[in-house]
Amino acid sequence: MKKSYKRSRKITNGIIYIILTVMAIFWLSPIVWLLIRSFQGEKGAWITTLLPKQWTLSNYTRLFTQTDMFNYPLWFLNTFKIAVFTCIISTLLILMVSYCYSRLRFKSRKAFMNLGLVLGMFPGFMTMIAIYHILKAFGLYQSHISLILVYSSGACLAYFIPKGFFDMLPRSMDEASIIDGATRSQVFWKIIIPMSKPIVVYTALTSFLAPWLDFIFASIIMKDNYDKYTMAVGLFKMLERENLYEYFTRFCAGAVLVSIPITILFICFQGYYVEGVAGGSTKG
Amino acid sequence: MKAKNYHMMSGYQKVIYHLSLFFKNLPHNLKKFFKILGKAIACFFIRIVEGFANFGRTFSEGNKFTKLSFLIMGLSCLIYGPFWMGLSFFLIEILFILFIKEFAILYLVDLTTLGTQAEVETFNEAKGIMEYITADNSMLILLYSVLSLVVICIFIIAYIQSTKECLNAQHRHEREEQAQSFKMMLRSLKDENYHITLLSIPTLLLICFTVIPLIFMILLAFTNYDANHQPPGNLFTWVGFGNFKDIFGKNAIKSYTFLYLLQWDLIWSFFATFLNYILGMILAMMINKKGIRGKKIWRTIFVITIAVPQFVTLLLMSKILGDNGTVNLILERFGLQTIPFLTDGHTARIVIIIVNLWVGIPYTMLITSGILMNIPSELYESAKIDGANAAVSFFKITLPYVLFVTTPYLITQFVGNFNNFNVIYLLTGGGPQSTVLYQAGETDLLVTWLYKLTINYQDYNLASVIGILVFVVSASLSLIVFNMSSSVKNEEQFQ
Amino acid sequence: MKKFVAVFLTTLLVTTALFAGGAKESNSSTQNTKPVDMMEKETVNLKVWGSIDAQDLLKEMVESFKQEYPEKEYNIEFGIVSEADAKARYLEDPEAAADVFFFANDQLKDMVKAGALYQIAGSYKEKVIAQNGEGSVESATVDNKLYAFPETADNGYFMYYDKSVISSEDAKSLDSILAACKESNKKFYFDLSNSWYVASFFFGAGCSLGIDENGKQTCNFNNADGLSAANAIKELTASPYFMGGDQSVLTGGMGDSLAAGVCGTWVANAMKEKLGDNYAATKLPTFTRDGEQVQLGSFAGYKLCGVSKVTKSPVDAMKLAQWFTNEQNQLLRFEKRGIGPSNIKVAAMDEVLKTPELAALAQQSLYAVSQNDVLGTFWGPVEAFGANMEAFNYEPSIQAQLDDVVSQITN
C-alpha cells in the first residue's frame, strides 16, 4: 500500500517535471532567439535560415562606438537618471498616499479613494496630448524633469496594493504610540515604514522599472530629440520601418543589455516582490 | 441552500453558493449602486447650496472688517490674527488677479467659440515670400481655458474658506481668544492634519497631469476636432452631442465598429484575466509541490521572462509568429502548411490570447505562490482524510480560497486587460485590417482603436467619445464588483 | 491703525489689478522696438527633419549652404523623421516641429488642409517650375498654389530580379516569372498586404482614384475591372511561388529563396549586395486579366521639401529648402545615394539614365498613377483587402469585400 503510494507520487512528480521542462523551454525560447539574433552577422530582421550563417560581436560593440545617430550609452544614462529620481519620488508619494488612506481617518477619505480609483480608469492616451501641452506651457518641454513628474503623478493612483499591505499590519502598535504622544508623522516614518520592507521594495522596484518599459509617453514628450531619449523609445526607434534592416540585430543586442540589470534586480528582490504583492493584493 | 448551513459546505459548494448569491443580488446591487451614485451627486449639489447659504450668513454676521474681507481676502485675519493666514489669503488673491489678467482672460473670452480669427495670407514683395497672420489655435484656447477654470474653481474654494476664517477670526477676537499660531499650524500638519501634508503634493500632481487633461479630453468629445478641423491651420468648434449620436447608430460603420470591438474587448479581457490566473496558479502549485526540487531555479526561469521588457518580447513574438517568421520557417522546413498566426482575424485573436499567457503567467505565478503558502495546511489534511485527490482539493480548497482572497486583484486585472494597449499594439498593431471596420483591425481593442484614431487619423473627437465610453464601462464594472465583493467578503471567513 | 491697514490693502489690490492690465501692452511694445545690432552677424536657428539615411548628406548640404550665405550665422539642428512620418509628427506639435522637412507627396493635401505648409511664391515658385519635371511640380501644387520644393522623383516601385533565374524575356509577364520560379523552386515577392503595392493590379485593370468637389475620395475598385484585378490578386496569392510580407523579407531573402521582388529604389543597395552580378531591375510585369495580358500599374510618388508655416525665419527656411533641392544637390543626392532626381537637367544626365533601377522606374512611370489624389482614408481598407487575399479569406465574396472597401474609402 505504502509502496504504491510512493510510486504514484513518483509518477506524478515525474509528470510535473516533464510539464515544467516543456513550459520552461516554451518560455525561454523567445529569449534564446533574442540572444542568437543579437550575435547574428547578417543584417535585417528576416533570414532564410534558422540560425545565422555568420556570428559576430559587432552588434554589441557598435552600440557603444557608433553613437552619432543612436546614442545607446547616453540613452542608458538618461533612463538610469530618470529611473532613480522617479523611483525615489514615486515610492515616497505612493507610500504616503497609501498610509494616509490606510491609517488616517479624515473627512472625504472615501470620496478621495473612490475618485482615485475612477481617475485611474480613463485610458491615458487621449490625455497625453493635453499633458504635453501643459508641460510645454510650464516650460518643461522635452525635458527629463517632465518625464519624472508625469511618471510620479501616475504613481499617485497606484495606492491599491501598498494600502492593502498597510491594512494588514496590526493597528495596536501605532495606536499605542499615539497614546504615548507620538505624532502621526513619527508613526509613519519610525514604525510603519520599518515594518514594511517588502512593500517598500515592491513599490521601489516597480517605479524604478517604469521608465525602462514605457515607450509611448516618452516618445510623445521627447519627439525628435534623440539625445534625450530613454532606452525604450530609442530601441523602439531602431525597429521603425526604415531602420529595421540596418538596426535589427543591434536592437536585439541592446535589448539583451537592458534586460541584464533588470533581471538581476528581479532575481535579487523576488522574495520581497512576492511578499509585497501577495500581502497587498489580498486585502482590498 | 440556506446561509446557516454555510459552514458545513465544502469549498466547492461555497463557490457555487457565492456565485448564485452574486447573480441573485446583481439587480439589487445594481440598484444600490445607482442609488449611491445618485445620492452622491445630490449630496454634491446640496453641499454647494449649503456653501452659498453659509456664505450669506457669514456676510450678515460679520463686522465691517469681515464684510470688507469679501473684497480683500483675509483682512480680518490680518487685523485680528492669525496674521500668517491673512497674509496667505491676501497673496492668493493678488496672484489670482495677476493670473486672470495675464493668462486666463486671453483664452476664456474665446471659450464659447473656440476662436474666430482665421488665417490671413499676404504676399511680401520685398522678401519675396508669403506672410501669415496666424489663426486662433482652438486646441490651446480649450486647453488653457480648462486650466484657467480649474484654477478659478480652486480659488473659489479658497475664497469661501477665507470668508469663513475671517468670521472665525472676528468671533475669536470678540471672545478674546488666542488665534492659532503659525507654529501650532505646522505642528498640526504633522499630527492631526497629517493627511493634508501627505496628500497635498499628490493631489497637486493629479490635478495638473490627470484632472485637467481629463476634462480637456472629455470636452473634446463635444467638438468637431478631426482631420478636417485641425489647428493650427483650421478652427474647430462645439458640436454638442453629434459625435455620440454617430457612435450610437447615426453613422452605421462607426457604431458597428464600436460594438464589434467592444464585444471582442470583453471576450479578450475575460480570457486574458481568467486563463492567466488559473494557469498561473497551477504553475505555482506545481513548483511549490512537496518533493519538487530546484524550486528557486524553476521560479527564476519564469521570472526572467518578466525581466525582459515587455515591448521587446512582444515585438520579438510578432517577428517569430509573422507570416514569414521563424515558426512558419520551421513548419515549411518540415513540409507543413504555414499558419497565418497574425494575419487571419480568428487565428490572430487566439494567438494573442496565447501569447498573453506567455506574458502573464509568470506574474500570476509569483503572486499566487505567496498566497498559496498562506493557505492553512489543516484544510488540505482534512480533505486528504476525506479521501480527496489532488484535483478535488484544488477545486474545493485552493481555487475558492485564492479566488476570494484576490478578488480586488482580479478586478484590476480585468480592467487592465480591457485597456491593455501593449499586447495588442506591439503584437499585431490591431491587424489584420478589416474591410468592414472604421479605421480598425480585427484584433483592435477600444484603446488601440482610440490610439490609431488620434495618431494616424487625427479624429480626436471620435477618440474622445470612445475614451469616455471605455471609461464608463470599466468604471461601472469595477465599482459594482468592488462594492459587491466587499459585502461578500465580510461574511466570508476562511480562517 | 486697523482702518489704515484696510485702506492700504485696498489700494494695493486696485493698483495690482490695473498694473496687471497695463503690463501686457507695454511688454509687446518693447518687443517691437527691439533694436537690431548691425555690427554682429544675425544668428538664425533652423531645424531640419530628414530620414535617417539622409542625415550625412543633409549635413554636407548644410555646410555648403553656410558657405553660400556667409552674411548670416546659421545654427542648424537635425532631427530624424522619415518622409513617411512627417505629417503625423508635424501635426503633433507644429511649433516643436522642424522648419524645413521632407515628406512624400501623398501627404501634401492633408498637410495643406491642416495649415502646415508655407506657400511658396514669387521668384522661388518661378524657379521651381522652370527647373523641375512637370509631374513633380504638379505633385507639390494645390489649387495653383505651390506648397513645397520637389526633391526626388523616385517614390515609386518596379521589379528587381535575379538574372540567373529569370531571363529578361521571362521578366515581362507574371506567368512566366512564376514558371521560372517553379523551375528553380524559388519565390516571387510582392507585398500585397500593403495598399501602396496592391493598388497596382487595380490600376493595371483600369480602375482609378479621384477627389470629388467636396474634397472626398472617389474610387471605383468595385466595378467589373476591379473584380478582374481582384481575381488576379487572388490567383497570385494562391500560387505556392508567391511570397508576401514586409520589406525585410525581400532584403533578407533575395537571391536565397526569392528570385524576384517588387520594391522601390531604397532597397537597391541591399539588392546589389545580395545579388551581385545577377542584379537586374525592370518595370513591373504584365498579368493575365480574363485571358489577356495587361501591364501592372503603379503609384508614382515624389518626395518634397516643405517649409513649416509657423517657422520663425521664413526667408532663411525658404532659402535652405531651395538649397536642398537645387540642381547641384539633386546631383549630389543621386551620386551619393542613387536617388532619382526631379530636376530636369539632372534627370537627363547620362549616368542617371543608365542606372538600372532608375531606368526601370522610368519605364514603369509610363503606367504609373499620380499619388496626388490619394487621401488618408484610402490606405486602411485596401490593406485589409490585400491581407484577406493573402490569408485566403474569400468570405464574404470578393465583390462584397470590394464594395465594403469602396464604401469605406469614400465614406
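Looking at the confidence of the model for chain C
Scored by pLDDT, chain C has a mean of 86; 93% of the residues are at 70 or more. Here residues 22–36 of chain C scores under 50 on pLDDT; set against residues more than four positions off or in separate chains, the count is three contacts.

Digging into the interface of chain A and chain C
With 21 residues of chain A at the interface, the matching set in chain C holds 25 residues. A buried area of about 2,000 Å², summed over both sides, lies between chain A and chain C, and 53% of it is on carbon and sulfur atoms. When the buried area of chain A at its contact with chain C is split by residue, W46(A), D224(A) and Y245(A) rank highest and sum to 32% of it. On inspection of chain A and its partner chain C, the count reaches four salt bridges. Notably, a salt bridge pairs E92(C) with K223(A), separated by 2.8 Å at the nearest N-O pair. For the interface between chain A and chain C, the tally reads seven residue pairs in polar contact (both at pLDDT 80 or more). Where the side of chain A that touches chain C is concerned, the elements lending two or more residues are α5 (124–137) and α13 (244–281) of chain A. Counted by class, the side of chain A that touches chain C contains 10 nonpolar, three polar and eight charged residues.

A look at the interface of chain B and chain A
In this complex, chain B contributes 99 residues to the contact, which on the side of chain A involves 90 residues. The residue R184(A) makes a salt bridge to D191(B) at a minimum N-O spacing of 2.8 Å. Where chain B packs against chain A, one counts eight residue pairs in polar contact (both at pLDDT 80 or more). If one sorts the elements of the side of chain B that touches chain A by residue count, helix α7 (residues 194–220) of chain B sits on top with 21 residues.

Digging into the packing of aromatic side chains
Within the structure shown, the criterion is met by 70 aromatic pairs over all chains. Here the aromatic rings of F70(A) and Y226(A) are separated by 5.7 Å at their centres, their planes lie at 5°, and the arrangement is stacked. Of the two residues, F70(A) sits in the loop between α2 (58–65) and α3 (72–103) while Y226(A) sits in the loop between α11 (216–222) and α12 (231–238), which places them 156 residues apart along the sequence. For Y226(A), a relative accessible area of 8% gives the class buried. When the centroid spacing of 5.8 Å and the interplanar angle of 40° are considered together, the rings of F101(C) and F103(C) count as tilted. Residue classification places F101(C) among the buried positions, given a relative accessible area of 0%.

Some thoughts on the packing of α3(A) against helix α7 (residues 160–168) of chain A
All names here are of chain A. Between α3 and α7, the least distance of the axes is 8 Å, while the angle of their chain directions is 50°. The angle between α3 and α7 falls in the class oblique. Between α3 and α7 the crossing geometry is right-handed. The segment α3 lies against α7, with I94, L95, S98, Y99, Y101, S102 and R103 engaging P162, K163, F166 and D167. Of the residues in the contact of α3 with α7, the class split is six nonpolar, two polar and three charged.

Remarks on the pairing of strand β7 (residues 158–162) of chain C
Residues and elements named next belong to chain C. Burial analysis of β7 places five of its five residues in the buried class, which makes it a mostly covered element. Relative to strand β12 (residues 258–263), β7 runs antiparallel, the two sharing four bridges. Opposite Y161, over in β12, you have A260 as the bridge partner. By the bridge criterion, four bridges tie β7 to strand β13 (residues 279–282) in an arrangement that is antiparallel. From the neighbouring strand, Y160 faces β13, where its bridge partner is A281.

Some points on the domain arrangement of chain C
Much of the literature gives interface size as the accessible area that the parts lose upon coming together. All names here are of chain C. The domain boundaries assigned to chain C delineate domain 1 (43–154 + 301–357) and domain 2 (156–300 + 359–409). Each of domain 1 and domain 2 was reduced to a C-alpha centroid, and the two centroids are 29 Å apart. For the domain 1 and domain 2 pair, buried surface summed over both sides reaches about 1,400 Å², with 40% attributable to carbon and sulfur atoms. It is D106, D154 and E357 in domain 1 that bury the most area against domain 2; as a group they hold 43% of the surface buried on that side. Between E357 and K272 there is a salt bridge, and its shortest N-O distance comes to 3.3 Å. The interface formed by domain 1 and domain 2 contains 14 residue pairs in polar contact (both at pLDDT 80 or more). Class assignment for the residues of the side of domain 1 that touches domain 2 results in four nonpolar, four polar and six charged.

Here's the deal with a positive patch on the surface
A cluster of basic side chains, namely K6(A), R9(A), K10(A), K290(B) and K384(B), defines a positive patch on the protein surface. Considering every element that reaches the positive patch, the biggest residue donor is helix α1 (residues 2–38) of chain A, with three residues. Relative to the elements of secondary structure, K6(A) occurs in helix α1. Under the relative-accessibility criterion, K6(A) is labelled exposed at 63%.

Brief notes about the sheet that holds strand β11 (residues 242–243) of chain C
Residue and element names in this part refer to chain C. The mixed open sheet is built from five strands, whose spatial order is β11-β8-β12-β7-β13. A single partner strand is all that each edge strand has here, and the edge strands are β11 and β13. As paired elements, strand β8 (residues 187–189) and β12 share three bridges and run parallel to each other. In the strand pairing of β12, K187 is matched with L258.

Calculation notes
Residues numbered from 1 in each chain as written. Chains lettered and ligands numbered in written order. Predicted model: local features only at pLDDT ≥ 70, side-chain atom pairs only at ≥ 80, totals over all residues. Heavy atoms only, no water. pLDDT = per-residue confidence, 0-100. Contact = heavy atoms within 4.5 Å. Buried area = accessible area lost by both parts, 1.4 Å probe. Salt bridge = Lys/Arg side-chain N within 4 Å of Asp/Glu carboxyl O. Polar contact = N/O pair within 3.5 Å; in protein donor to acceptor, adjacent residues only side chain to side chain. Helix = DSSP H or I, 4+ residues; strand = E, 2+ residues; numbered from the N terminus. Nonpolar A, V, L, I, M, F, W, Y, C, P; charged D, E, K, R; others polar. Phe/Tyr/Trp six-rings, centres within 6.5 Å; stacked < 30°, edge-to-face > 60°. Buried < 20%, exposed > 50% of the residue type's maximum accessible area, 1.4 Å probe, protein only. Axes fitted to C-alpha atoms, helices over the stretch in contact; angles between N-to-C directions. Parallel < 35°, antiparallel > 145°, perpendicular 65-115°, else oblique. Left-handed = near helix turned anticlockwise from the far one by under 90°. Pairing = 2+ DSSP bridges. Domains from an automatic or database assignment. Patch = residues over 30% accessible without salt bridge, like charges linked within 9 Å, V, L, I, M, F, W, Y side chains within 5 Å. Areas by Shrake-Rupley, 256 points an atom, 1.4 Å probe, with all protein chains shown as cover. Lys, Arg positive; Asp, Glu negative; His and termini not counted. Charge placed at Lys NZ, Arg CZ, Asp CG, Glu CD.

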